[in-house]
Structure formats: structure tokens, C-alpha cells
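# Remarks on the overall topology
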Amino acid sequence: MLSGFLFALAAGLMWGLVFVTPLLLPDYPPAMLMAGRYLAFGLLALPLALIDRRELRRLTRADWLDAVKLSAIGNFLYYLTLAGAIQRAGGPLPTMIIGTLPVVIAICSNHRNAARDGHYRWRDLAPALLLIAAGIGCVNQVEQAALAPQAMGRYLQGAGLALIALACWTWYPIRNADWLRDHAGRSPRAWATAQGLVTLPMAALAFAVLAVADRTGWPLLPAGFDFPAGPRPWPFIGLMAAVGLFASWLGTLCWNEASQRLPTALVGQLIVFETLVALAYAQLHRGEWPPLLGAAGVALLIGGVCWALRLKPVPPARERQLPASSA
């Protein structure tokens, strides 16, 4: 139990880097952060592919196409919108929105997989949803109060981008789980490596598009941006390598280790470490403690997520039996 708890904490500490990197590199556009992170991850996947080469040979053309779709939405589009949200709205609000993932996934599964996996009763989910809404409302109030009037438009853009990022990472785990269920005899590690491999040509293509934008003046890069490494090459390269290694690979490895050691219900609750660590990193970057209302909002969000994660879905068979038993 202790080692599993520590592995989950380590995963949260590394995943939190994803949220603070855009704050550390505010002069780099989200497209550069996205391309740099996944170029590093794709290069890291090359030696891992040697380990899983036998399993990778079993993948069909359709499987590789699925890996491309999952990486394009769950990696590239997700981090592009998340980085843009954090640079526009600051760290706390986007982090809180992404922190609702476990509950949003449960709600989507209510509609999509109820016949297969059962569903959550809305009356059981309602308290969790109210707590989460109150928590996000508190943090939003704190962040808006600190804004200059002319920055409100940029803040709202960030909130909108965070919702798109939330949609991407709601879609990704559901579709990824579908593939793993349909290919029960395949190695999950090899499937993760396959997704890492397809990020390499996609990241290279992203850099090629940015190079064209730099030459032609497309508005993908700020005016006067020093492409390809930007105004601070070594911090950029170092942070991209760190996020690619720690957040994209080692964090997932630690989470898998925790999942093998702890009960599933407990592991689901420990995913809140990511939200807590990301918020802590954002406040450390600001150099200040969160105000009381902001801290209350974080507590409400965590309470709502933990409430929802303790619920168990109603099995499909039980739902079919209920009308007959009541009759």
C-alpha cells in the first residue's frame, strides 16, 4: 500500500510539469510547446520500440491508424489547447477544469457504455457535480478579481481552450479503453509505445508547418520569433526533454506501478494528486499562497471528484431485472 501510494504521488509530481511548463515559457506559442514535447516523446519511444518489437509487428494497418487518431487528439490537440489555455487564463482555472476529468468521463460513459458497463444514477452524481461546480466557481471568482479589465477577453479565451482540452482528454481514455477491450490479448505497454512512435513523424510535420509559417509570415508564430529554438533555446530544449521523459513516459510508468499495487477504487481517487500538484506548481510560480476562496474552491473540487469516484455503476443485468421485480 505504501509503495503504491508513493508511486501515485510520483506520477502526480511529474504530470504536474505539463501544467507549469507554459507558464515557464510564456514567450513560446502553444504550437511550439506541443511540437517540442512530442518530438521529445517520439524520440524516447524509439528505444522502447526495440523492446516491444514483436508485439508491434502484430499491429495491423487499422491499428496504426487508430494510434494516429488517439495521438492526434489525446496528445497534440489536447496539449495545444491546454498550453494556450494556461498562457491566457493562468494556471488555476484550466487546472481545475481538467481536474473534473474523472466525473466528466463517468457522465459520458452513462450515455455511451451503459448497456455494456452499467451506468451511474444521476441522483447519486448530483452532489459531486454541485461540489465541482461550486469549486470551479470559487477559483473563477478569484482569478477574475485579479484581472485587469482589458484582460477579460484573453481570460475567456483561455477558459474556452481549457474546455476543448477537457473534451480531448475525455474522448481519449474512452476510445483507448475501447481498443484495449477489443484487443484483450495485446500488450498495453506495446500499444502505448505505438502511440509514442506515431508522435515522432507528427511532431516533425508540426515543426515543418511552423517553419513554413516562419518563412511566410503566417500567424502561427509571434512576430520576430527566433525559429526553431526561440528566444531561450536551452530552457526550451531542457523543459521539452523533461516533459517528454517525466510527464509522457515516467509518470505513466509510475501510475501503472501504482495501479498494480492498490485497489482500483483507491487509485481512481489518487488521480487528484495531478490536480493538487499542478495547482501547487502554479502558485509557486506566482510566488504566493492561494487566497482563502481559492483554497476553498480546490477543496470543493477534490471533494466532488472523490465523492464521484466512490460511486459504483449500476450493472446492466440489475437494470433489466428491476422492472420485473417491481411487477
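Residues numbered from 1 in each chain as written. Predicted model: local features only at pLDDT ≥ 70, side-chain atom pairs only at ≥ 80, totals over all residues. Heavy atoms only, no water.

### Notes on the overall build of the chain
Across its full length, the chain holds 16 helices and zero strands. In terms of C-alpha radius of gyration, the chain reaches 21 Å, essentially the compact-globule figure of 20 Å for 327 residues. Across its three principal axes, the chain shows a C-alpha extent of roughly 75 × 55 × 40 Å. A fraction of 86% describes how many contacts in the chain between residues 6 or more apart in sequence connect residues 24 or more apart. (Helix = DSSP H or I, 4+ residues; strand = E, 2+ residues; numbered from the N terminus. Rg over C-alpha atoms; globule rule 2.2 N^0.38 Å. Contact = heavy atoms within 4.5 Å.)

### Considerations on the pattern of salt bridges
Applying the stated criterion to the full structure yields three salt bridges. Measuring nitrogen to oxygen at the nearest pair gives 2.7 Å for the salt bridge that ties Arg 286 to Glu 143. A residue pair is termed long-range when its members are at least 10 positions apart, and Arg 286 in helix α14 (residues 272–286) and Glu 143 in helix α9 (residues 122–145) qualify at 143 residues. (Salt bridge = Lys/Arg side-chain N within 4 Å of Asp/Glu carboxyl O.)

### Re the environment of Pro 173
Positionally, Pro 173 belongs in helix α10 (residues 152–182). Residue Pro 173 is classed as partly exposed on the basis of its relative accessible area, which comes to 24%. Taking the C-alpha atoms as reference, Pro 173 lies 8.4 Å from Ile 105; in sequence the two are 68 residues apart. (Buried < 20%, exposed > 50% of the residue type's maximum accessible area, 1.4 Å probe, protein only.)

### With respect to a nonpolar patch on the surface
Among the surface-exposed residues, Leu 205, Val 209, Val 212, Trp 218 and Leu 220 lie close enough to one another that they form a single nonpolar patch of about 440 Å² accessible area. Within the secondary structure, Trp 218 is located in the loop between α11 (188–216) and α12 (233–261). (Patch = residues over 30% accessible without salt bridge, like charges linked within 9 Å, V, L, I, M, F, W, Y side chains within 5 Å. Areas by Shrake-Rupley, 256 points an atom, 1.4 Å probe, with all protein chains shown as cover.)

### Regarding helix α1 (residues 2–15)
In this model, α1 (14 residues) spans 20 Å end to end at C-alpha, consistent with the 20 Å of a helix rising 1.5 Å per residue. Listed as buried for α1 are Gly 4, Ala 8, Ala 11, Gly 12, Met 14 and Trp 15. Looking down the long axis of α1, one finds its buried residues gathered within 170° of arc, a one-sided arrangement. (Expected span 1.5 Å × (residues − 1). Arc of directions from axis to C-beta.)

### Some points on the packing of α9 against helix α15 (residues 292–309)
The N-to-C vectors of α9 and α15 enclose an angle of 160°; their axes lie 7 Å apart at closest approach. Regarding the angle of α9 to α15, the classification is roughly antiparallel. α9 and α15 meet at a crossing whose hand is left-handed. Here Asp 124, Leu 125, Pro 127, Ala 128, Leu 131, Ile 132, Ala 134, Gly 135, Cys 138, Val 139, Gln 141 and Val 142 of α9 lie close against α15, whose contacting residues are Leu 293, Gly 294, Gly 297, Val 298, Leu 300, Leu 301, Gly 303, Gly 304, Val 305, Trp 307 and Ala 308. Among the residues making up the contact of α9 with α15, the classes are represented as 16 nonpolar, six polar and one charged. (Axes fitted to C-alpha atoms, helices over the stretch in contact; angles between N-to-C directions. Parallel < 35°, antiparallel > 145°, perpendicular 65-115°, else oblique. Left-handed = near helix turned anticlockwise from the far one by under 90°. Nonpolar A, V, L, I, M, F, W, Y, C, P; charged D, E, K, R; others polar.)

### A closer look at the nonpolar core
By size, the foremost hydrophobic cluster in this structure holds 56 residues, and its most contacted members are Phe 19, Met 32, Leu 33, Tyr 78, Tyr 79, Leu 82 and Ile 98. For this core, the elements supplying multiple residues, two or more each, are α2 (17–24), α3 (30–51), α5 (61–89), α6 (92–98), α10, α11, α12 and α14. Take this core: its biggest share by element is 10 residues, from α5. Sequence-distant contacts of Tyr 78, that is, excluding residues within four places in its chain, are made with Phe 19, Ile 73, Ile 98, Ala 165, Cys 168 and Trp 169. Within the second largest apolar cluster, 17 residues are counted, among which are Leu 125, Ala 128, Val 139 and Val 305. (Core = buried A, V, L, I, M, F, W, Y, C linked by side-chain atoms within 4.5 Å.)

### Re the packing of aromatic side chains
The tally for this structure, following the rule as stated, stands at nine aromatic pairs. An angle of 85° between the planes, with centres 5.5 Å apart, marks the rings of Phe 5 and Phe 273 as edge-to-face. Residue Phe 5 is located in helix α1, and its partner Phe 273 is located in helix α14; the two are separated by 268 residues in the primary sequence. A relative accessible area of 14% places Phe 273 in the buried class. (Phe/Tyr/Trp six-rings, centres within 6.5 Å; stacked < 30°, edge-to-face > 60°.)

### Some remarks on the packing of α5 against α10
One way to put it is that α5 packs onto α10 with a least axis distance of 7 Å and a crossing angle of 155°. When the axes of α5 and α10 are compared, the pair comes out roughly antiparallel. Relative to α10, α5 is oriented so that their crossing is left-handed. A class-by-class count of the residues in the contact of α5 with α10 yields 18 nonpolar, seven polar and six charged.

### Details of α2
With six of eight residues buried, α2 lies mostly within the body of the structure. Of the surrounding elements, those touching the buried residues of α2 are α1, α3, α5, α6, α12 and α14.

### As for the side chain of Thr 170
With respect to the helices and strands, the residue Thr 170 is situated in helix α10. With relative accessibility at 5%, the residue Thr 170 sits in the buried group. Dropping the residues within four chain positions of it, Thr 170 is found in contact with Leu 101, Val 104, Ile 105 and Cys 108.

### Remarks on the environment of Val 142
With respect to the helices and strands, Val 142 occurs in helix α9. Using a relative accessible area of 17% as the deciding quantity, one classes Val 142 as buried. A sequence separation of 135 residues divides Val 142 from Val 277, and the C-alpha atoms of the two residues are 19 Å apart.

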